[in-house]
Amino acid sequence: MLETKWQTVDIKQITKLLKDGSHGTHSDVIDGIPLLSAKDINNGTICTDNDPRRISLEEFEAIHKNYSIQNGDILLTIVGSIGRIAQVKNYKNNFTLQRSVAIIRFKESALNDFMYYLMVGGDFYKELRKRENKGAQGGVYLGEIGKISVNLPPIDEQKYIVGVLKTWDQYLELIDNKLSLKRALKKGLAKRLISGDVRVSGFSNSWGSAKLGDIATIKRGGSPRPIDSYFTNSDSGLNWLKIGDIKLGSRYIARTAQKIKPEGLSKTTMVHEGDFILSNSMSFGRPYIMKISACIHDGWLALMDINPNVNKSFLFYMLSSNKIQGKFKALSAGSGVQNLKKETVATVEIQLPSVEEQTAIAKILHDADDEIELLVEERKLIAAQRDYLIHNLVTGKLRLSATKADSRETTYA
C-alpha cells in the first residue's frame, strides 16, 4: 500500500536551483547560441527558432560558468508575460536565457515532472500572480516564487500521477505528429493539383484563365460611424463581422459576436452565404467563405455574385495558394500599411480548368481538410481530458486506485 499523506511545503524547501537567466549585456551575433526571453516560452514549448537574439559561445560559457541547464528543468516566465511554463527536454547547450525566464530544479523529494504538472494545473499560477511586482513592466522576484506553498504527495504517488499524465501527453504527441504529416501531404497535394502539375484521373483538357473581376463582383466593406452607437442585442440586428470572429485555420465564417442596427446597412456592405471575403489585416489576403449573411467593415474585401461556372471550393483553394497569396502581397506593396484595393484585386488572374475538374479537385482537397479537422477535434477532446486529469490529480481531488484519499498533513520534514 502506498503512503498516502500529502505535505504542505514552500517551493524554496524543495528546490536545488531557483534562479533567473542572464542580467548581463551581450553582443548579438549571426550564427551564435539563442538567448531566449519570455516570448520564446509559450504553450508548454521552448521555441529556439523564433528569430531570437544570438550570442557567442564565449558569452554562453561565461553565463554558465557556475551552473548549467539540464533536461527536466522547469522554465517559468517572470517578467512581462508572467506564468508561462515549459520543461527542458533534449538539451544540448542549444540555448540560454535572459532574466525574464526563471530556471527551477527540484530535489529528490519532488519529481521535476510532477512539479511541472503541478505548476501547470494546480493553483500555482494564481499564487504567482498575487506576488507580481506592479512596476512598469511587471515581474515576480525569485524570493517570492520560493514562498509559494504547494501540497506534495509522497514520491511513489508522484510517480503514479506522472505515469498517467505522460500517457495522455504521448497520445497528444502522436496526434500532433499525424496532424503535421497530413498537413504536409495536403499542402503538397494542393500545390500540384491547383497548378495543374498533377491532373485528376479522367481529365486532360487544357486549362483556361480568368481575372477575378470577370468571375465575381468585388466590393469593399464599410463602417457606419460612430460604430459604437450602432451596436445592438436585438434579434432584428444584422451580423457584424470582426477579425475576432475568425477561427484560425477555418474555411468558413458561421457566426459573429456582435450585431448592428438595420439603419447602419446603407453605410456598410452586406455579404451573404456563399460569398467570399478577403482580409486586409489578420491573415492578410486569406479567403473565407461565408456561411451566414453579415455586414463587413473596410478591413474586408468581398467577392460576390461568383460565376456559376466556378466551383467555390476550388476557388477557395486557388485563392489560398502560395501563388495567389504572393500576388495579393505584391499588389499591396509600396505603402506603409498593407492594403488590398478592389480595383487591383480584380486584375488578379487565376487558372481555371473545366467546372467538372474544378469539382473533382475541390473534393480531393476538401476530403483531406475534413480528415485534418477530425484530428483537430480529437486533439481538443484529448487535451481537455488531460487538463481535467492534471488539475484533479495534482491537487489531490482525484486519487489513484492504489492510494487513499483520506489523509494529509501540513508539516514538512
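Sequence order sets the numbering: in each chain, residues are counted from 1 along the sequence as written. Only residues with pLDDT of at least 70 get local features here, since the model is predicted, and only at 80 or more are side-chain atom pairs given and counted; chain-wide, interface and lining totals rely on the full set of residues. As a rule here, side-chain values cover all heavy atoms of the structure and leave hydrogens and water aside.

Quick look at the overall build of the protein
Secondary structure counts use DSSP, requiring at least four H or I residues in a row for a helix and at least two E residues in a row for a strand, with both numbered from the N terminus. A tally of helices and strands in the protein yields 10 helices and 24 strands. Atoms considered for the radius of gyration are the C-alpha atoms alone. The globule rule reads 2.2 Å times the number of residues to the power 0.38. Scaling as 2.2 N^0.38, a compact globule of 413 residues should have a C-alpha radius of gyration of about 22 Å, whereas the protein reaches 27 Å, well beyond that. For the protein, the spread of C-alpha atoms along the three principal axes comes to 80 × 55 × 55 Å. Taking all 413 residues of the protein together, 45% fall into the buried category. Any two residues whose heavy atoms approach within 4.5 Å at even a single point are treated as in contact. In the protein, the share of contacts with a sequence separation of at least 24, taken over all contacts with a separation of at least 6, comes to 75%. Buried residues are those whose accessible area, probed at 1.4 Å on protein chains only, stays under 20% of the maximum for their type, while exposed residues exceed 50% and partly exposed ones sit between those limits.

Quick word on the sheet that holds strand β8 (residues 85-87)
Here a strand pair is declared whenever DSSP counts at least two bridges between the two strands. Spatial ordering of the open sheet is given by β2-β10-β7-β8, a layout of 4 strands whose pairing is antiparallel. Two strands lie at the open edges of the sheet, namely β2 (15-20) and β8, each paired on one side alone. The mean inter-strand angle of the sheet, taken between neighbouring strand axes irrespective of direction, is 20°. Of the pairings in the sheet, the one linking β2 to strand β10 (residues 101-106) comprises 5 bridges and is antiparallel in character. Axes, fitted as lines to C-alpha atoms, cover a helix only where it is in contact. Angles between the N-to-C directions of the axes lie from 0 to 180 degrees.

Notes on the pairing of strand β20 (residues 287-290)
Residues Pro287 and Ile289 of β20 are buried on one face, and the alternating residues Tyr288 and Met290, pointing to the opposite face, are buried as well. As judged from the 2 bridges shared by strand β16 (residues 252-253) and β20, these two strands associate in the parallel manner. Bridge pairing in β20 places isoleucine 253 opposite methionine 290. Bridge count for strand β19 (residues 276-279) against β20 is 3 bridges, and the pairing is antiparallel.

Here we look at the pattern of salt bridges
Close approach of charged atoms lets side chains of opposite charge pair. Here, a salt bridge means any Lys or Arg side-chain nitrogen found within 4 Å of an Asp or Glu carboxyl oxygen. Summed over all chains, the structure comprises 21 salt bridges. Between arginine 379 and aspartate 176 there is a salt bridge, with the nearest N and O atoms lying 2.5 Å from each other. Of this pair, arginine 379 sits in helix α10 (residues 355-394) while aspartate 176 sits in helix α5 (residues 155-195); the two residues are 203 residues apart in sequence, bridging distant segments of the chain. Each of the salt bridges in this network shares a partner with another, and the network as a whole consists of Glu127, Lys130, Arg131, Glu144 and Lys147.

A closer look at the pairing of strand β22 (residues 300-304)
One face of the sheet, then the other: side chains in a regular strand alternate in exactly this way. Taking burial as the measure, the 5 residues of β22 include 5 buried ones, the bulk of the element. Here β22 shows a buried face lined by Trp300, Ala302 and Met304 and a second buried face lined by Leu301 and Leu303. For strand β13 (residues 217-220) and β22, the ladder comprises 4 bridges, and the chain directions are antiparallel. By the bridge assignment, threonine 217 is partnered in β22 with methionine 304. Both β19 and β22 contribute to a ladder of 4 bridges, which runs antiparallel. The residue of β22 that forms the bridge with leucine 278 is leucine 301.

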